[in-house]
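Observations on the model geometry
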Amino acid sequence: MAHVGVPRGTARKRRSVALLATGVLTLPVLAGCTSDSEGPTSVAVPQDIAPASRDRVADGSTLTWAIDAVPATLNAYQADADSATTRITGALLPSLFPLDARGEPKLNPDYLESAKVIEQEPKQVVLYKLNQQAVWSDGREIGAPDFVAQWRALSGKDSAFWTARNAGYERIEKIERGKDDLQVRVTFSKPYADWRSLFSPLYPKEVTGSPGTFNDGARATLKNTAGPFRLRSVNKDKGTVVLDRNPRWWGNEAKLESLVFRAVEPKDRTDALTAGTVDVADIDATTANGIALAARYRGGNGQPPAHGPGADITPAAALRSWALAHGSDEEAAEAAQLAREKNREAVAVYAAEQKSLQGFVVRKSLEPAYTQLAMNGESGALADDRVRRAIARTLDRQELADAVLKPLGLPAKPPGSHLALAGQPAYKDGSGALGDQDTKEAQALLADAGWTVGGAVRRTEDTKAGSEAEKKASGEATDKASPKATDKASGKATDKASDKASEKATDKASAKAAEKDEEKDDKASREEGTYIVGDDKPGDGPAGGTGVTAQDKGPAGAYAPAGTAAPAPASVKARIGKGGKPLTLRFVLPSGPGSQPLRTVGQKIVEMLDAIGISTQITKVDDESYFKDHIASGDYDMALYSWPATAYPATDGRPIFSKPEPATDGSLLVEQNYTRVGSDHIDQLFDRAVSELDANASRDLLKQADARIWAAAGSIPLYQRPQLVAVDKKLANIGAFGFAAPRYEDIGFTGRQAAGSPANRKK
């Protein structure tokens, strides 16, 4: 919640729509990527859901679950579906292979008796045997017609269906009825390793049977469902989606009588928890700390509260206040009495808030998603894989992970794979293909690419002189000056000789230019954090321009006569550059309050790069525009965002890391490869993996692809995102789910809950 990433809820949807650097990498270290001798890794942090057997969970009551907003659509296959769509449809529609706690898809016996590949030659055939009790809420059996309608809608062959993805469905050749409607035979035109990803969620044919019902019929309602709950109402004005028990559900009856999803913006979650209007909410670290503080709050019995209003009042101060309030000085007594009353009210309000928060517990795990440093390799210095690898090898990933996860009490091991997370079968640490953090090796890579210390300084003899006096002064300065003196365009001089030359050679034109530059710099300083679409990227401006770094900050208030060249920052001498141009990168970060962890990590990255002479200009933009207007459009050099994990990396990973293709207008077709970095070899490995029906062989191919993605250094995984969920203490089987899909029918309150949840009593 405190991290900006690819729009949430897109692990199976947008990852499969959209997107490393140059050619096929020759890397001997990659040749032996195999898992023959490797055992499974353990999940970094188990799920935290207060598991309880169904007999310990009370029947009845209502649970209110916070979501960011009422979803724009309940059709999970449309482009504007989000995490709320996924959460709600998970309780309403069939999921044939939900993920378990290790992130592996497992057959769901509520819908399937079996599903397996029954033929591989001449073509792959999968036979689904459906649960005979499985029915839609209108009483019709779930059967082959539903599979056929969904395939036709998502195959990509009919553009009238507005779909966000067709991955896997385009490989289906035909779907046939078996012995009866409860048997479904799916024949593939090409082998498809990730066939378990298909038909989840499964919509009824009434939704997928025609473009009209698919495009519009399932956006605001679902008349026919087949989960433990059914949809009662969607009210965008009130910001609620209400589900009731499904009376036709054939599985274990839902423990909750109703389930309410309430729209609560992340910034308002603490207030909602305090007011008792929600029972469950994803929260950020600040709210989690507030709940932890509330658990330690003690007040009353004449003792000062542990924290909050009145906590800093010592016994001596309290005695003085009492004496003033009851003293003979009426004016002072009245002021003291007002102050004491105001403090009592503040303490009472705070105590009530703390009491409310004491009813919640923070359940925490690691979210199935990782945050990465993305480097845009489309153009500029980052188009050179040596520069990207140098930056990657400068970073202390452990320090960055520690900064986010250690304060939360979560393990902070940086991810070793782009395609899987620790605990998943496809996981293997492939970061060795890039190499460990090594500043000297990073500097060597930069030098090999032509970026050297002193390279940012343009030789004086290379500059143009505007008059004979300037030429003479320039010549004298060149004889005496350090070779690290900067050019006139940057308005900097690095020693006394060049300072003297600048003073002698200054004329009206140069003074005017200096004043103009000074005004521009001052404006940029005032507008720090703003962004105007279309602004030039670093490197498009004057050769001598530099970014803001940790070493650039100097004392303010120094003035010199107009036209005097400004002294160069000390750090310029250590800056790296090429041909008189410093290596300056534009680092785009979100500015919202929930994105503070990203800005913390971003600042640490700036300091790490500054230490080896790379300048970084931080540009802060609105959270809402961050992804669409900057990441997806390629308007950045470096950025931080997250990708969700997937159980199907061969399908979902390819569009993220595939090589961008040139379009007819000269632009790049990047799918979801927002770093614009890729290679033919990586694409080939994905293609082989997705067609390999032997699971182990497919995973080995994915591990080889991941090693090459590491070596290309367009995307550097930094840490697995924290998952913090505030949950009513009496709730069971809900919280930080990690990889696993919720079992909605098992969620409920332990013990007797006759009057409903606290949230409902408050309402």
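Residues numbered from 1 in each chain as written. Predicted model: local features only at pLDDT ≥ 70, side-chain atom pairs only at ≥ 80, totals over all residues. Heavy atoms only, no water.

1. Thoughts on the overall build of the protein
Let me state the cut-off plainly: Starting at the N terminus, helices and strands are each numbered in turn, a helix being any DSSP run of H or I of at least four residues and a strand any DSSP run of E of at least two. Buried residues are those whose accessible area, probed at 1.4 Å on protein chains only, stays under 20% of the maximum for their type, while exposed residues exceed 50% and partly exposed ones sit between those limits. For every accessible area listed, the method is Shrake-Rupley and the probe measures 1.4 Å; residues are considered covered only by the protein chains on display.
Helix and strand content of the protein: 21 helices and 23 strands. Burial status across the protein gives 50% buried among its 763 residues. In the structure as shown, the protein presents an accessible area of about 34,700 Å², 50% of it carried by carbon and sulfur atoms.

2. Structural notes on the confidence of the model for the protein
Applied cut-off: Every residue carries a pLDDT, the predictor's confidence in it, which falls somewhere between 0 and 100. Throughout, a contact is declared for two residues whenever any of their heavy atoms are within 4.5 Å.
Looking at the protein, the pLDDT average stands at 81 and 75% of residues meet or exceed 70. Below pLDDT 50 for its whole length, residues 462-561 participates in 115 contacts with residues either more than four positions away or in separate chains. Segment residues 563-570 is flagged for pLDDT under 50; beyond a separation of four residues in sequence, or across chains, it makes 13 contacts in the model.

3. Re the sheet that holds strand β15 (residues 581-582)
So the rule is basically this: Paired strands, in this sense, are two strands between which DSSP finds at least two bridges.
What the three strands build is an open sheet, ordered β11-β14-β15; its pairing is antiparallel. The open sheet is flanked by β11 (452-453) and β15, the only strands paired with a single partner. Sheet topology places strand β14 (residues 576-578) next to β15; two bridges connect them, and they run antiparallel. Within β15, the residue paired with Lys578 across the bridge is Lys581.

4. Here's the deal with the sheet that holds strand β4 (residues 172-177)
Sheet strands pair by backbone hydrogen bonding; their relative direction is either parallel or antiparallel. Threshold: In this analysis, axes come from line fits to C-alpha atoms, helices being fitted only over the stretch in contact, and the angle between any two N-to-C directions falls in the range 0 to 180 degrees.
Taking strand neighbours across the sheet as the criterion, the four strands line up as β2-β3-β5-β4 in an open arrangement whose pairing is antiparallel. For this open sheet the edge positions go to β2 (112-119) and β4, each flanked by a neighbour on one side alone. Across the sheet, the mean angle from the axis of one strand to that of its neighbour is 15°, orientation sign disregarded. As defined by bridge partners, β2 adjoins strand β3 (residues 125-130) across six bridges and the pair is classed as antiparallel.

5. With respect to the side chain of Asn75
Rule in force here: Counted as a polar contact is a pair of N or O atoms within 3.5 Å, where, for protein atoms, one must be capable of donating a hydrogen and the other of accepting one, and residues adjacent in sequence contribute only when both atoms are in side chains.
For Asn75, the location among the structural elements is in the loop between β1 (62-67) and α1 (83-89). Judged by its relative accessible area of 0%, Asn75 falls in the buried class. Of note is the side chain of Asn75, whose polar atom sits 3.0 Å from the backbone oxygen of Phe214. When near neighbours in sequence (up to four residues on either side) are disregarded, Asn75 contacts Ala81, Thr85, Tyr203, Phe214 and Ala218.

6. So, the packing of aromatic side chains
How we decide: Each pair of aromatic rings taken from Phe, Tyr and Trp, with Trp reduced to its six-membered ring, is defined by centres within 6.5 Å and is described as stacked if the planes are under 30 degrees apart, edge-to-face if over 60, and tilted in the remaining cases. A ring is considered to have a charge above it if a Lys NZ or an Arg CZ atom is located within 6 Å of its centre and within 35 degrees of its normal.
Applying the stated criterion across every chain, the model contains 19 aromatic pairs. Between the aromatic rings of Phe627 and Tyr641, the centroid separation amounts to 6.0 Å while the plane-to-plane angle is 85°, which identifies the pairing as edge-to-face. In this pair, Phe627 is assigned in helix α16 (residues 623-631) and Tyr641 in strand β18 (residues 638-644), connecting sequence segments 14 residues apart. Pair check on accessibility: Phe627 and Tyr641 agree, each one buried. Relative to Tyr674, the ring of Tyr641 has its centre 6.4 Å away and its plane inclined at 65°; by these criteria the two rings are edge-to-face. Here Tyr641 is found in strand β18, whereas its partner Tyr674 is found in the loop between β20 (668-669) and α19 (680-690), with 33 residues between them in sequence. We classify Tyr641 as buried; its relative accessible area is 1%. In this arrangement the basic side chain of Arg196 is found over the ring face of Phe97, its NZ or CZ atom lying 6.0 Å from the centre.

7. What about the pattern of salt bridges?
To be explicit about the condition: By convention in these notes, a salt bridge is any Lys or Arg side-chain nitrogen within 4 Å of a carboxyl oxygen on Asp or Glu.
Under the counting rule described, the total for this entry stands at 27 salt bridges. Residue Asp728 pairs with Lys730 through a salt bridge whose shortest N-O separation is 3.3 Å. Assessed through its relative accessible area of 33%, Lys730 is described here as partly exposed. One continuous salt-bridge network, built from bridges that share partners, spans Arg54, Arg743, Glu745 and Asp746.

8. Comments concerning unusual backbone geometry
Glycine aside, residues mostly have negative phi angles, and peptide bonds mostly take the trans form. Backbone torsion omega between Glu121 and Pro122 reads -5°, so that peptide bond is classified as cis. On the secondary structure map, Pro122 appears in the loop between β2 and β3. Residue Pro201 is reached from Ser200 by a cis peptide bond, and omega for that bond is 0°. Located in the positive-phi region is Arg676, a residue other than glycine, with phi close to 60°. Structurally, Arg676 is set in the loop between β20 and α19. With a phi close to 65°, Asn733 is a non-glycine residue in the positive phi region. Along the polypeptide, Asn733 turns up in the loop between β22 (731-732) and β23 (748-749). A relative accessible area of 10% means that Asn733 is categorised as buried.

9. Side note on the side chain of Asn131
Looking at the secondary structure, you find Asn131 in the loop between β3 and α2 (144-154). With relative accessibility at 12%, the residue Asn131 sits in the buried group. Within the structure, the side chain of Asn131 is placed 3.3 Å from the backbone oxygen of Asp110, a separation counted as a polar contact.

10. Observations regarding helix α6 (residues 285-295)
Threshold: The directions considered for the arc are those from the helix axis to the C-beta atoms.
All of the buried residues along α6 are Thr287, Ala288, Ile291 and Ala294. With its buried residues spanning 120° around the axis, α6 presents them on a single face. Taking the backbone nitrogen of Thr286 as reference, a side-chain oxygen 3.3 Å away marks Asp284 as the first, capping residue of α6.

11. Considering the packing of helix α9 (residues 385-394) against helix α11 (residues 439-448)
Spelled out, the test is: Reported orientations rely on four angle classes, namely roughly parallel under 35 degrees, roughly antiparallel over 145, roughly perpendicular from 65 to 115, and oblique for the rest. For any helix crossing, the convention is left-handed if the near helix is rotated counterclockwise from the far helix by under a right angle, and right-handed if that rotation is clockwise. Residues are grouped as follows: Ala, Val, Leu, Ile, Met, Phe, Trp, Tyr, Cys and Pro are nonpolar; Asp, Glu, Lys and Arg are charged; every other residue, Gly included, is polar.
Between α9 and α11, whose axes approach to 8 Å, the crossing angle comes to 165°. Viewed along their axes, α9 and α11 adopt a mutual orientation that is roughly antiparallel. Note on packing geometry: the crossing formed by α9 with α11 is left-handed. Facing α9, whose interface residues are Arg386, Val387, Arg389, Ala390, Arg393 and Thr394, α11 presents Thr439, Glu441, Ala442, Leu445, Leu446 and Asp448. Of the residues assigned to the contact of α9 with α11, the class counts are five nonpolar, two polar and five charged.

12. What about the environment of Leu445?
Looking at the secondary structure, you find Leu445 in helix α11. In this structure Leu445 comes out as buried when scored by relative accessible area, which is 11%. Here the alpha-carbon distance between Leu445 and Arg386, two residues 59 residues apart in the chain, equals 5.6 Å. Ignoring anything within four residues of it in the chain, the contact list for Leu445 reads Arg386, Arg389, Ala390 and Arg393.

13. A word on the nonpolar core
The condition that has to hold: Throughout, nonpolar core names a set of buried Ala, Val, Leu, Ile, Met, Phe, Trp, Tyr and Cys residues whose side chains join them through atoms within 4.5 Å.
Core analysis: the largest hydrophobic core is formed by 159 residues, its most contacted members being Tyr128, Phe199 and Leu373. Looking at this core element by element, the count peaks at seven residues for strand β21 (residues 715-728). Setting aside residues no more than four positions away along its own chain, Phe199 makes contact with Tyr77, Pro94, Leu96, Tyr128, Phe147, Gln150, Trp151, Tyr169, Ile172, Ile175 and Val186.

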